[in-house]
Amino acid sequence: MRRGANTQRLIIVMNLDAYRISSEPFYRAVEREVELFEAAYRSRMPVMLKGPTGCGKTRFVEHMAWRLGRPLITVSCHEDMTASDLVGRYLLDADGTVWHDGPLTLAVRQGAICYLDEIVEARQDTTVVIHSLTDDRRILPLEKKNEVVKAHPDFQVVISYNPGYQSVLKDLKESTKQRFGAIAFSYPSPDIEAEIVMAEAGVDRRTADTLVCAGQRSRNLKGQGLEEGASTRMLINAGFLVAGGIDIAEACQVAMVTPITDDSDLRDALTGAIAACI
C-alpha cells in the first residue's frame, strides 16, 4: 500500500497480490463455457453468468481468472450495498482525509477481473455505476473525487445471478442486461457431476453416484415446496462428511435435507426420496 503526496487528501492505493490465484482451482467444463469466456475476455466483453445456486458459477470465474493470469476481485452483492461501497469513499484518519478505492475502482485501475456475485441483490441505483464501464467508454467517474478513471486494458467485469430468484423487484434493468454477453449454467449431467463430487470431496465413484442420485431426487421436488433442489455444492458437502467417516444417510441429512427446508412434512418427503438412492 502506498500514499500520495497531498497531505490533506491522500489516496490509498492497494496492490493486487492478495487477489491473485496461485494454484489452479478445480473446474470440470460441461460444454464450451471456457472457450466462450476466453473469447469474451479477448475483447474485454462484460460477461453475465446465469444459473442456479451452487452449480459452479463462482468456481468457474476463479478458474478463468487463473487461466488468464488476472487478479480476481469478488464482491458479494446485497441490498444494503451502496455505490460508495463499490467505487470508494473519503475517510478520516490521523493523516487527514484519505480516499479509499472501493473494489470496483481497484479492479478498474489495476486491471483485475471484478466479479459482482448475485448482482440482483444490490439496489438498481448502485449497479448503474457499472454502465460506463460496460460500453465502449470503459470509464469510471468518481464524482466525489472529481476524477474519471479510464479502465486498465486488462480490466473486465463479470456478474452472476440466479434467474430462479428473479422477481419484479429483484431483476436487472434492461439497460444493464443488454451490455453483457451471457453464459447459462445448470447442474451437470449425472456422470460429470459424479466426477466433480469425487474430485472435490475425495470420495469413491459409488458414493459419488449415490449422492448425485440423491441430488436429482431432491431437484424433482422443486416447485412442490422446494424453491431449489440440492446443489452440486451440497452434494460435495455431503461427500466431505462421508469422507470424514459419517454414514451416507446421515451425511445427506446434515448437508442436503436439513439446510434446505424447515417444513417437517417436506423434510420427511425429501428424506424418503434420498433413502431410495442409498
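Refer to the preceding data block for the structure.
Every value quoted in this text rests on a predicted model; they were computed, and no experiment measured them.

The rules behind each value
- Residues numbered from 1 in each chain as written.
- Predicted model: local features only at pLDDT ≥ 70, side-chain atom pairs only at ≥ 80, totals over all residues.
- Heavy atoms only, no water.
- Helix = DSSP H or I, 4+ residues; strand = E, 2+ residues; numbered from the N terminus.
- Buried < 20%, exposed > 50% of the residue type's maximum accessible area, 1.4 Å probe, protein only.
- Contact = heavy atoms within 4.5 Å.
- Areas by Shrake-Rupley, 256 points an atom, 1.4 Å probe, with all protein chains shown as cover.
- Lys, Arg positive; Asp, Glu negative; His and termini not counted.
- Charge placed at Lys NZ, Arg CZ, Asp CG, Glu CD.
- Axes fitted to C-alpha atoms, helices over the stretch in contact; angles between N-to-C directions.
- Parallel < 35°, antiparallel > 145°, perpendicular 65-115°, else oblique.
- Left-handed = near helix turned anticlockwise from the far one by under 90°.
- Nonpolar A, V, L, I, M, F, W, Y, C, P; charged D, E, K, R; others polar.
- Polar contact = N/O pair within 3.5 Å; in protein donor to acceptor, adjacent residues only side chain to side chain.
- Pairing = 2+ DSSP bridges.
- Core = buried A, V, L, I, M, F, W, Y, C linked by side-chain atoms within 4.5 Å.
- Arc of directions from axis to C-beta.

A. Structural detail: the overall build of the chain. Scanning the chain for helices and strands turns up eleven helices and eleven strands. The dimensions of the chain, computed from C-alpha atoms along their principal axes, are 70 × 40 × 40 Å. The 278 residues of the chain split such that 46% are buried. Long-range pairs, those at least 24 residues apart, make up 70% of the contacts in the chain with a sequence separation of at least 6. Carbon together with sulfur atoms contributes 49% to the accessible area of the chain, which is approximately 13800 Å² in total. Within the chain, one finds 32 positive and 38 negative side-chain charges whose respective centroids are separated by 7 Å.

B. The packing of helix 7 (residues 190-201) against helix 9 (residues 232-243), seen in detail. At their nearest, the axes of helix 7 and helix 9 sit 9 Å apart, and the two run at 45 degrees to each other. In terms of their interaxial angle, helix 7 and helix 9 are classed as oblique. Once helix 7 is placed against helix 9, the crossing between them reads as right-handed. Contacts between helix 7 and helix 9 involve Glu193, Ile196, Val197, Glu200 and Ala201 on the former and, on the latter, Thr232, Leu235, Ile236, Gly239, Phe240 and Ala243. Its residues assigned to classes, the contact of helix 7 with helix 9 comprises seven nonpolar, two polar and two charged.

C. Structural detail: the side chain of threonine 176. Here threonine 176 lies in helix 6 (residues 174-177). Owing to a relative accessible area of 0%, threonine 176 belongs among the buried residues under this scheme. Not counting the four nearest positions on each side in its chain, threonine 176 is found in contact with Ile130 and His131.

D. Quick look at the side chain of threonine 126. Locating threonine 126 in the fold gives a position in helix 5 (residues 124-127). Classification of threonine 126 as buried rests on a relative accessible area of 0%. Here methionine 81 takes part through its backbone oxygen, which lies 3.0 Å from a polar atom of the side chain of threonine 126. Setting aside chain neighbours within four positions, we find threonine 126 in contact with Met81, Thr82, Ala83 and Leu86.

E. Highlighting the environment of leucine 72. Structurally, leucine 72 can be placed in strand 4 (residues 72-76). For leucine 72, a relative accessible area of 9% puts it in the buried group. Spatially, the C-alpha atoms of leucine 72 and valine 157 are 10.0 Å apart, while their sequence positions differ by 85 residues. Look past the residues within four positions of leucine 72 in its chain and what remains in contact with it is Tyr19, Ile21, Val61, Glu62, Ala65, Ile113 and Tyr115.

F. A look at the pairing of strand 7 (residues 113-117). Taken across its five residues, strand 7 has five buried, putting it largely inside the fold. Side chains Ile113, Tyr115 and Asp117 of strand 7 all project onto a buried face; the interleaved residues Cys114 and Leu116 project onto the opposite face, where all are buried too. Pairing analysis gives five bridges linking strand 4 to strand 7, with the strands arranged parallel. Following the sheet pairing, leucine 72 is matched in strand 7 by isoleucine 113. Taken together, the four bridges between strand 7 and strand 10 (residues 156-161) define a ladder with parallel strand orientation. Residue pairing in the sheet places leucine 116 in a bridge with isoleucine 159 of strand 10.

G. Representation of the nonpolar core within the structure. Among the nonpolar cores identified, the biggest contains 32 residues, and Leu86, Leu104, Val108, Leu116, Leu140 and Phe155 are the most heavily contacted of them. Those elements giving two or more residues to this core turn out to be strand 4, helix 3 (83-87), helix 4 (103-110), strand 7, strand 8 (139-142) and strand 10. Filtering out sequence-adjacent residues up to four positions away, leucine 86 remains in contact with Val75, Met81, Gly102, Pro103, Leu104, Thr105, Leu116, Thr126 and Val129.

H. Spatial organisation of unusual backbone geometry. One non-glycine residue with positive phi stands out, namely arginine 44, at about 60 degrees. Here arginine 44 lies in the loop between helix 1 (33-42) and strand 3 (47-50). A relative accessible area of 21% means that arginine 44 is categorised as partly exposed.

I. Helix 1, seen in detail. Restricting attention to buried positions, one finds in helix 1 the residues Glu33, Val34, Phe37, Ala40 and Tyr41. Buried residues of helix 1, seen end-on, are gathered within an arc of 130 degrees and therefore sit on one face of the element. Each element contacted by the buried residues of helix 1 is listed here: strand 3, helix 2 (57-68), strand 7, strand 10 and strand 11 (181-184). The positive-phi residue at the C-terminal boundary of helix 1 is arginine 44, with phi of around 60 degrees.

J. Inspection of helix 4 at higher detail. For helix 4, the full list of buried residues reads Leu104, Thr105, Leu106, Ala107 and Val108. Where the residues of helix 4 are buried, they touch strand 4, helix 3, strand 6 (96-101), strand 7, strand 8 and strand 9 (147-150).

K. Fine view of the environment of valine 197. Of note, valine 197 is situated in helix 7. A relative accessible area of 0% means that valine 197 is categorised as buried. Between the C-alpha atoms of valine 197 and threonine 176, which are 21 residues apart in sequence, the distance is 35 Å. Apart from the residues within four sequence positions on either side, valine 197 is in contact with Gly202, Val203, Ala208, Leu211, Val212, Leu235 and Ile236.

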